[in-house]
Every structure is written in C-alpha cells, then in structure tokens.
Amino acid sequence: TADAAGLTPDIAFIEVDARAPEVTPGSLGAELTPTSSALERGTSYGGCMTDAREPKVALITGVGRRRSIGAALALGLARDGWDLALNYCTPYDDKVGLERSADDPRAVAHLCRELGASVELVEGDLSDPSAPGAIVDEARKLGPLTALVLSHAESVDSSILTTDLDSWDRHFAVNARATWLLIK
C-alpha cells in the first residue's frame, strides 16, 4: 500500500517457523534479500527507513536459542548488512525446556559474524525494569540504533484459570513493560 506521499516502501518480510530445522547462513533463501533498487535508495524494515550509506544497527531481543524466530531474524538482517546486538536470557530459555544448548547465543552470533555483521551479545532478564535501558546502552556500542526487533516473549504452559499471580506479573513485565521501556 502507498503511504500519504504516494510512495510504496520496500519492506523485507521474513517468515519463520519456530519448529523449523536449525538456521544456518546457507539455509536462508534469496527471498530474504531486498531488491538492489531498495538497497540503492535506502530500505524500509518495518517502517524504519535507512539510508544505504548509513550504518544499520539493530537490537534483537529473544535470541537465546539457535532454533528460534529471533535467530532467523538475526541471520536475515546480518545477511542484509546489519550490525546486531543480540539479547537473550539463559534462565528463561532453560525454564521453557525447548531444544537448545548453552552455546546457542554465541553460535548465532558466530554465524552472523560469518555473514559480515558486527555483533554484541547482551544477556539480560527483561522482567527486571533496569534491564531494557542497560541492554539498549550495550547495543549502542555498535553505533546509533536504527531498528528494534522485539522477538522476546514470556510464555508458560498455563491457562487463564491456572496462571498464578507471580506468573501473571512476569508476563506483564516482560511482554508489556519491557517492550515499552525498550521503545522508550
């Protein structure tokens, strides 16, 4: 769709199945690469226009597992020339019990570096109200942030009737408050 000025932005969409096989640089298809005309005049990622000559720095949350949406997004952006700050939370990833190894955040960072990206790994628990600001400060070591990719989520196996107050508060802290603080 055209915006108010009648321009149609070039947007890179990445569709990922979190149950898909582990992501590697070779598994990313050409469909993730924006058109050359988009790169020449600047590319819009989720509404964030960037000039192709400016450094592109993205902070991505929720990159604690190699087999995850966050990892696939990181690899796609690294392939497109972005430098990345990758946030993860080991205690949460341990708690959810999905397939992972302790090396996963470092492995994702390594794969992104192989694609030419500068990468900062930033561990932080987004339920802590001081974490978003500290994470953003670490990410800015790569340069001014031009994109924020929110791939984190607090999710546990419980229903509305079986969720306890502590779980509810953690859900709100991570999924709502941290998101607001990261954007702010």
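Note that the structure is predicted; figures quoted are calculated from it, not measured. (Residues numbered from 1 in each chain as written. Predicted model: local features only at pLDDT ≥ 70, side-chain atom pairs only at ≥ 80, totals over all residues. Heavy atoms only, no water.)

## Section: the environment of lysine 56
Working step 1: Within the element layout of this structure, lysine 56 appears in the loop between β2 (48-50) and β3 (57-60).
Working step 2: Residue lysine 56 is classed as buried on the basis of its relative accessible area, which comes to 10%.
Working step 3: In this structure the C-alpha to C-alpha distance between lysine 56 and glycine 81, which are 25 residues apart in sequence, comes to 7.3 Å. (Helix = DSSP H or I, 4+ residues; strand = E, 2+ residues; numbered from the N terminus. Buried < 20%, exposed > 50% of the residue type's maximum accessible area, 1.4 Å probe, protein only.)

## A closer look at the sheet that holds strand β4 (residues 83-88)
Working step 1: The parallel open sheet is built from four strands, whose spatial order is β5-β4-β3-β6. This sheet does not close on itself; its edge strands, each paired only once, are β5 (119-123) and β6 (147-149). The mean inter-strand angle of the sheet, taken between neighbouring strand axes irrespective of direction, is 15°.
Working step 2: Note that β4 and β5 share five bridges and pair parallel. Counted as the bridge partner of leucine 86 is leucine 121 from β5.
Working step 3: In this fold helix α5 (residues 131-139) packs onto β3, β4 and β5, with an angle of close to 150° to the strand it touches most, β3. (Pairing = 2+ DSSP bridges. Axes fitted to C-alpha atoms, helices over the stretch in contact; angles between N-to-C directions. Contact = heavy atoms within 4.5 Å.)

## As for the side chain of glutamate 154
Working step 1: Tracing the chain through its elements places glutamate 154 in the loop between β6 and α6 (165-183).
Working step 2: Judged by its relative accessible area of 5%, glutamate 154 falls in the buried class.
Working step 3: Side-chain polar atoms of glutamate 154 contact the side chain of lysine 95, separated by 3.0 Å.
Working step 4: Dropping the residues within four chain positions of it, glutamate 154 is found in contact with Tyr92, Lys95, Arg170, His171, Val174 and Asn175. (Polar contact = N/O pair within 3.5 Å; in protein donor to acceptor, adjacent residues only side chain to side chain.)

## Some points on α5
Working step 1: If you check which residues of α5 are buried, you get Ala131, Pro132, Ile135, Val136 and Ala139. Buried positions in α5, seen along its axis, are confined to an arc of 130° and lie on one side of it.
Working step 2: Buried-residue contacts for α5 involve β3, β4, β5 and α6. (Arc of directions from axis to C-beta.)

## Quick word on a nonpolar patch on the surface
Working step 1: Taken together, Ile160, Leu161, Leu165, Trp168 and Phe172 make up a surface patch of nonpolar side chains, about 690 Å² in accessible area.
Working step 2: Topologically, leucine 161 is positioned in the loop between β6 and α6. (Patch = residues over 30% accessible without salt bridge, like charges linked within 9 Å, V, L, I, M, F, W, Y side chains within 5 Å. Areas by Shrake-Rupley, 256 points an atom, 1.4 Å probe, with all protein chains shown as cover. Salt bridge = Lys/Arg side-chain N within 4 Å of Asp/Glu carboxyl O.)

## Topic: α6
Working step 1: Counted at 1.5 Å a residue, the expected span for α6 with its 19 residues is 27 Å, and the 26 Å between its end C-alpha atoms agrees.
Working step 2: At alanine 173, α6 shows its largest kink, close to 35°.
Working step 3: In this structure, the buried side of α6 is in contact with β3, α5 and β6.
Working step 4: The opening residue of α6, the one whose side-chain oxygen lies 3.2 Å from the backbone nitrogen of aspartate 166, is aspartate 164. (Expected span 1.5 Å × (residues − 1). Bend = angle between axes of the 7 residues up to and from the residue.)

## Some details on the nonpolar core
Working step 1: Ile60, Ala74, Leu77, Leu84, Leu86, Val108 and Cys112 are the most contacted members of the largest nonpolar core, which has 20 residues in total.
Working step 2: Looking at this core, the elements with two or more residues in it are β3, α2 (69-79), β4, α4 (104-114) and β6.
Working step 3: Take this core: its biggest share by element is six residues, from α2.
Working step 4: With 13 residues, the next largest nonpolar core counts Ala131, Ala139, Val174 and Ala178 among its residues. (Core = buried A, V, L, I, M, F, W, Y, C linked by side-chain atoms within 4.5 Å.)

## Comments concerning the environment of threonine 162
Working step 1: By secondary structure assignment, the location of threonine 162 is in the loop between β6 and α6.
Working step 2: A polar atom in the side chain of threonine 162 sits 2.8 Å from the backbone nitrogen of serine 159.

## Concerning the confidence of the model for the protein chain
Working step 1: When pLDDT is averaged across the protein chain, the result is 79; 71% of the residues are at 70 or more.
Working step 2: Contacts of residues 1-21 to residues separated by more than four positions or lying in other chains number 24 contacts, the stretch itself having pLDDT below 50.
Working step 3: Ignoring residues within four places in sequence, the model shows residues 28-49, a span with pLDDT below 50, making 40 contacts including any to other chains. (pLDDT = per-residue confidence, 0-100.)

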